[in-house]
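Chain by chain, the residues run as shown.
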Amino acid sequence: MNTKRFRTNIMICAGTSCISNKSMEIRVALEAELKKRNLENEVQVVITGCQGFCEKGPIAIVQPDGIFYQLLEVDDIPMLVEEHFLKGRPYRKCMYVPTDSDVPVPKLMEIEFFKHQMLVVLKNRGRMDPENIDEYIAFDGYQALAKAVNDMAPDKIIAEVEKSGLRGRGGGGFPTGIKWRLAKDVESDIKYLICNADEGDPGAYMDRSILESDPHSVLEGMAIGAYAIGAQEGYIYVRDEYPLAVERIKRAIEQAKEYGLLGEGIFGSDFNFDLHVVRGGGAFVCGEETALIASIEGFPGRPRTRPPFPAERGLWGKPTNNNNVETWANIPTIILRGADWYRQIGTEKSKGTKVFSLVGKINNSGLVEVPMGISLREIIFGIGGGIPDGKKFKAVQSGGPSGGCIPESLLDLPVDYEKLTEAGAIMGSGGLIVMDETTCMVNVALYFINFLVDESCGKCVPCRVGLIRMKEILEKITNGNGEENDIAVLEALSDTIRKTALCALGATAANPVLTTLRYFKEEYIAHVRDKKCPAGVCKALISFHISEEKCIGCTACAKTCPVQCISGERKKPHVINQDACTRCGACKEACRFDAITIA
Amino acid sequence: MQLVYQIVEKYDRRESSLIAMMQDIQKSEGYLPQKALEIIAKEVQVPLSRLYALATFYKAFSLTPRGRHIIHVCTGTACHVRGADKIMDKLKRDLNVEEGGTTEDGRFTLEGVRCVGCCGLGPVIVVGENFHGKLTQKDLGNILDQYK
Ligand SMILES: Cc1cc2nc3c(=O)[nH]c(=O)nc-3n(C[C@H](O)[C@H](O)[C@H](O)COP(=O)(O)O)c2cc1C
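Residues numbered from 1 in each chain as written. Chains lettered and ligands numbered in written order. Predicted model: local features only at pLDDT ≥ 70, side-chain atom pairs only at ≥ 80, totals over all residues. Heavy atoms only, no water.

Asker: Help me out: how do you make sense of the overall build of chain A in this one?
Answerer: Looking only at helices and strands, chain A has 24 helices and 17 strands in total. Taken over the C-alpha trace, chain A has a radius of gyration of 26 Å; the compact-globule value for 599 residues is 25 Å, and the two agree within 12%. Seen through its principal axes, chain A has C-alpha atoms that stretch 85 × 70 × 40 Å. In chain A, which comprises 599 residues, the proportion classed as buried is 60%. When contacts within chain A are restricted to residue pairs at least 6 apart in sequence, those whose partners lie at least 24 apart make up 70%. (Helix = DSSP H or I, 4+ residues; strand = E, 2+ residues; numbered from the N terminus. Rg over C-alpha atoms; globule rule 2.2 N^0.38 Å. Buried < 20%, exposed > 50% of the residue type's maximum accessible area, 1.4 Å probe, protein only. Contact = heavy atoms within 4.5 Å.)

Set out below in structure tokens:
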């Protein structure tokens, strides 16, 4: 591998977020500047997958020094090269500075965001080029596959996965080893594997990031699974919204085939395994495995009742084993380091690590991998650095549309499948969306119900019709027309849908409503009884006002108002005509004096 | 329509690749022309209704032509709590279209999209293939000016 030849490497993030923040322009500028200073043979610019701290992109890490640079701009590059690479002192301007301090933290491993993470699935984060199989191999890549194929019988592999305690990372948390055993024990000449990369939960992007930054770890996990279960062919079903992930996984498959790590006679054995990539069509329900199978077969993705489970009758009627991206990416490490090592991480029933996308109203947004059992408080206030702008934490939403909102009083809850379920949320695929005092919980419940109404496949009545009824009631409440018994009706409807829907989409659909009712009932009551939205979100229940003391009459608000409802003389306090105001919030955003308040 | 035949060829007329064929056409034409669907149905030997079932089920497809630039407003949860609906409202106002609509001059189509997986940068819009993040209503004018 060529990283050895250079004195220093500067690793530039090429995940979707950083690319959208123009990290490729930074790369070009860096290469040009290094050349200009005759450093091109000493310092190498390396492109890596997502490094996780997306909010601060574009980011770069200088190795071996471990110096972290953030929010890079092309104009910073000449100074950065001069200071760091010529004068040997890290460049202050582009360093991370914690929100509550003004002292920069140069070293990656001393930054709170990175310090508390534990990288198992993301072990190659930021240290290799995802488009180069040689680099993956240099970091022990495909050694687990070699070990499995050469030294382990299929039963031994499955026993190891069972012992590791690994549970499915796609949401359900079903023990992976047990699932593999079911698929292995079915007699059939043809069996299939599926990698579920549909990642439908809004606010979650760990699967995308794994595919973009370490595609071979998924391929290696699948090849090991195929050998253990006896499958010859596999499908990776990727969301169409993830073009970069599709491109990288396809390239990785080609490279692995060239190296004889996929295809026929892997490692000189008689084991054959081939992989195909299928792009999803943009339907959330296709993340459900039976719907996903229908979609691969070329039909609309509608779930069917189980049993029969895919292990007996799956893709084209053959035994099929489906796992989530992150589940597959755990396999090589489990095989290479052993189940005993893996089991030490986590809680009694939830082993290993979990990757979360920590997003929303949080200072350090990004992708974090932590050991199971860590508390939500440590994630949000330790790694995440708390809530921006001095606002108060209100809730964290876990588990996507099937999940729930967890309040402040439960923040010491350890991250664990059972504990989160007890709280009414679920682990889900790993989205953690943080909400502050300006997020309305009734609006959030309506947001998820709207999502599910849209995504319901329409096959069963409870989901197709029941969710629309819930949506109508929630709209009534947020529009200020709620009545006292609406809340009871919502609860009753939730219960019926949960018991009668065909698949988990419907069965769990009420969770966002039920958890917000459970922990934030007073907010519902404020909407229904007092016709107030305490968070200042629901348009029918709020009004905008200009403070006479704070307004200096700069006219910025009046100029931006789309309905011209703000009047006042220059340098005199302005007023809003409430009858004409559409509550779009443009004035509040335009005001630089914090003079506009919501009541 | 030569392209349609090439696409059908590329996937060996496989029935299981219907969605992929339609995705390729959607990508190059911006929508699914009826003529293209008729050709696929004939070549793959499936009823035309099967293709319409797919076209109406999956969000990736459109049966009517769209604007030169597609604006996707991310409505994922992270963007939602950071004010995505304000961005959507402002775009609706400025472009004078509803969600799903195309401007009269055919320049823009405005669509909501589930989640583009750039949650750290919310609120986000994607115009064509370009991501624009950490947006406020104020930023939108300059961004749209880049697309003629
Ligand atoms: C509505 C719905 C959406 C789902 N979406 C996903 C998804 O996006 N990704 C995923 O891996 N699993 C998803 N699942 C779960 C899958 O059905 C399946 O349980 C999972 O892929 C199994 O993999 P695992 O055992 O490795 O977790 C979804 C389930 C439902 C009911």
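On we go from here.
Asker: How should I be thinking about the sheet that holds strand 12 (residues 404-407) of chain A in this particular structure?
Answerer: Sheet strands pair by backbone hydrogen bonding; their relative direction is either parallel or antiparallel. Residues and elements named next belong to chain A. Pairing within the open sheet is mixed, and its five strands lie in the order 10-9-13-11-12. Whereas interior strands pair on both sides, the edge strands pair on one side only; in this sheet they are strand 10 (366-371) and strand 12. Here the average twist between neighbouring strands, direction ignored, is 30°. Across six bridges, strand 9 (residues 353-360) lies against strand 10 in antiparallel orientation. If you follow Val355 over to strand 10, its bridge partner there is Glu369. Its contacts with the sheet place helix 9 (residues 206-213) against strand 9, strand 10 and strand 13 (431-436), and it is angled at close to 115° to strand 9. (Pairing = 2+ DSSP bridges. Axes fitted to C-alpha atoms, helices over the stretch in contact; angles between N-to-C directions.)

Asker: Just checking my understanding: could you explain the site of the ligand for this structure?
Answerer: Residue and element names in this part refer to chain A. Taken together, 18 residues are adjacent to the ligand, and Gly170, Lys179, Asn323, Asn324 and Thr327 come closest. A distance of 3.3 Å is found between an oxygen atom of the ligand and a backbone nitrogen or oxygen belonging to Arg169. Lys179 places a side-chain nitrogen or oxygen 2.8 Å from an oxygen atom of the ligand. Bound to the protein, the ligand loses 89% of the 610 Å² it would expose on its own. Those elements that provide at least two residues to the shell around the ligand are strand 8 (320-324) and helix 20 (504-507). Per-element accounting of the shell around the ligand gives the leading share, three residues, to strand 8. (Near = heavy atom within 4 Å. Polar contact = N/O pair within 3.5 Å; in protein donor to acceptor, adjacent residues only side chain to side chain. Areas by Shrake-Rupley, 256 points an atom, 1.4 Å probe, with all protein chains shown as cover.)

Asker: How do you make sense of the packing of aromatic side chains when you look at a structure like this?
Answerer: Where two aromatic rings form a pair, the distance of their centres and the angle of their planes describe that pair. Following the criterion strictly, the structure yields 18 aromatic pairs over all chains and no others. Judged by centre distance (4.9 Å) and plane angle (80°), the ring pair of Phe57 of chain B and Tyr58 of chain B falls under edge-to-face. One exposure class covers both Phe57 of chain B and Tyr58 of chain B, and it is buried. An aromatic cluster is present here, built from Phe53, Phe68, Tyr96, Phe113 and Phe114 of chain A joined pairwise through their rings. Geometry around Phe356 of chain A places Lys354 of chain A over its ring, the cationic atom sitting 5.7 Å from the centre. The positively charged end of Arg50 of chain B is found above the aromatic ring belonging to Phe299 of chain A, 3.9 Å away from the centroid. (Phe/Tyr/Trp six-rings, centres within 6.5 Å; stacked < 30°, edge-to-face > 60°. Lys NZ or Arg CZ within 6 Å of the ring centre and 35° of its normal.)

Asker: Looking at this structure, how should I read helix 1 (residues 2-10) of chain B?
Answerer: An α-helical segment advances 3.6 residues per turn. Residues three or four places apart therefore align on the same side. Residues and elements named next belong to chain B. Of all the residues in helix 1, the buried ones are Val4, Ile7 and Val8. When helix 1 is viewed along its axis, its buried side chains cluster within an angular range of 100° and face the same direction. Those residues of helix 1 that are exposed and angled more than 90 degrees off the buried face are Gln2 and Lys10. In the core, the buried residues of helix 1 are packed alongside helix 2 (18-29) and helix 3 (34-44). Looking at the residues trailing helix 1, positive phi occurs at Asp12, about 55°. (Arc of directions from axis to C-beta.)

Asker: Help me understand a nonpolar patch on the surface in this model?
Answerer: Residues and elements named next belong to chain A. A cluster of nonpolar residues, Phe174, Ile178 and Leu182, forms a patch on the protein surface that exposes about 280 Å² of accessible area. Note that Phe174 resides in the loop between helix 7 (154-164) and helix 8 (176-185). By relative accessible area, Phe174 is classed as partly exposed at 44%. (Patch = residues over 30% accessible without salt bridge, like charges linked within 9 Å, V, L, I, M, F, W, Y side chains within 5 Å. Salt bridge = Lys/Arg side-chain N within 4 Å of Asp/Glu carboxyl O.)

Asker: I would appreciate a short explanation of the nonpolar core in the present structure.
Answerer: Side chains of nonpolar character tend, in soluble globular proteins, to be buried together. Residue and element names in this part refer to chain A. Core analysis: the largest hydrophobic core is formed by 116 residues, its most contacted members being Leu219, Ile236 and Phe273. Broken down by element, the residue count for this core peaks at nine residues, all from helix 10 (residues 215-229). If we skip the residues at most four places from it in the chain, Ile236 touches Cys195, Ala197, Leu219, Met222, Ile249, Ile253, Leu275, His276, Val277 and Val278. In terms of nonpolar packing, the next biggest core, distinct from the first, is built from 83 residues, Tyr237, Phe284, Leu452 and Cys463 among them. (Core = buried A, V, L, I, M, F, W, Y, C linked by side-chain atoms within 4.5 Å.)

Asker: Sorry if this is basic, but what is going on with the interface of chain A and chain B here?
Answerer: It is common to report an interface's size as the accessible area lost on association of the parts. Facing 55 residues of chain A, the contacting portion of chain B comprises 39 residues. Both sides together, the interface formed by chain A and chain B hides about 3,800 Å², and carbon and sulfur atoms give 53% of it. For the chain A face of the interface with chain B, the top three residues by lost area are Arg279, Tyr447 and Glu589 of chain A, together amounting to 17%. Counting the contacts that link chain A with chain B gives six salt bridges. Salt-bridge contacts for Arg114 of chain B lead to Asp454 of chain A; the nearest nitrogen and oxygen are separated by 2.9 Å. Where chain A packs against chain B, one counts 27 residue pairs in polar contact (both at pLDDT 80 or more). Within the residue set of the side of chain A that touches chain B, elements represented by two or more residues are helix 1 (16-20), helix 12 (289-296), strand 9, strand 13, helix 17 (441-455) and helix 24 (586-590) of chain A. Looking at the side of chain A that touches chain B element by element, the count peaks at six residues for helix 17 of chain A. (Buried area = accessible area lost by both parts, 1.4 Å probe.)

Asker: I tried to follow the packing of helix 6 (residues 143-151) of chain A against helix 10 of chain A on my own but got confused; where do I start?
Answerer: When two helices pack together, their arrangement is given by the angle between the helix axes and the distance between those axes. All names here are of chain A. Where helix 6 contacts helix 10, the axes come no closer than 9 Å and their chain directions differ by 10°. Taken together, the axes of helix 6 and helix 10 lie roughly parallel to each other. Between helix 6 and helix 10, the residues in contact are Gln143, Ala144, Leu145, Ala148 and Val149 and Glu220, Ala223, Ile224 and Tyr227, respectively. Taken together, the residues that form the contact of helix 6 with helix 10 break down as seven nonpolar, one polar and one charged. (Parallel < 35°, antiparallel > 145°, perpendicular 65-115°, else oblique. Nonpolar A, V, L, I, M, F, W, Y, C, P; charged D, E, K, R; others polar.)

Asker: Whenever I open this one, the domain arrangement of chain A confuses me. Can you help?
Answerer: Residue and element names in this part refer to chain A. By the assigned domains, chain A splits into domain 1 (8-109), domain 2 (133-343), domain 3 (353-436), domain 4 (441-530) and domain 5 (543-598). With centres defined by C-alpha atoms, the gap from domain 2 to domain 4 works out at 35 Å. Contacts between the two partners involve 11 residues from domain 2, matched on the other side by 10 residues from domain 4. Both sides together, the interface formed by domain 2 and domain 4 hides about 840 Å², and carbon and sulfur atoms give 76% of it. For the domain 2 face of the interface with domain 4, the top three residues by lost area are Pro202, Phe284 and Pro303, together amounting to 53%. Counting across the domain 2 and domain 4 interface gives zero salt bridges. Viewed at the interface, domain 4 and domain 2 are joined by three residue pairs in polar contact (both at pLDDT 80 or more). (Domains from an automatic or database assignment.)

Asker: Help me out: how do you make sense of the domain arrangement of chain B in this one?
Answerer: Taken domain by domain, chain B consists of domain 1 (2-57) and domain 2 (69-145). For domain 1 of chain B and domain 2 of chain B, the distance between their C-alpha centroids amounts to 29 Å.

Asker: It is not clear to me how the pairing of strand 13 of chain A should be interpreted in this structure. Could you clarify?
Answerer: For a regular strand, the rule is simple: side chains alternate between the two faces of the sheet. Residues and elements named next belong to chain A. Counting buried positions along strand 13 yields six of six residues, so the element is predominantly enclosed. Here strand 13 shows no split at all, with Gly431, Ile433 and Met435 on one side and Leu432, Val434 and Asp436 on the other all buried. Sheet topology places strand 11 (residues 393-398) next to strand 13; five bridges connect them, and they run antiparallel. If you follow Phe393 over to strand 13, its bridge partner there is Asp436.

Asker: What should I look at first to understand the sheet that holds strand 4 (residues 130-132) of chain B in this one?
Answerer: Residues and elements named next belong to chain B. Pairing within the open sheet is mixed, and its four strands lie in the order 2-1-3-4. Strands at the two margins of the open sheet, each flanked by one partner only, are strand 2 (108-113) and strand 4. On average, each strand axis in the sheet is inclined to that of its neighbour by 20°, with strand direction left out of account. As judged from the three bridges shared by strand 3 (residues 125-127) and strand 4, these two strands associate in the antiparallel manner. Pairing of Val126 across the sheet is with Phe131, part of strand 4. Across the sheet, helix 6 (residues 84-95) is in contact with strand 1 (69-74), strand 2 and strand 3; its angle to strand 1 comes to roughly 150°.

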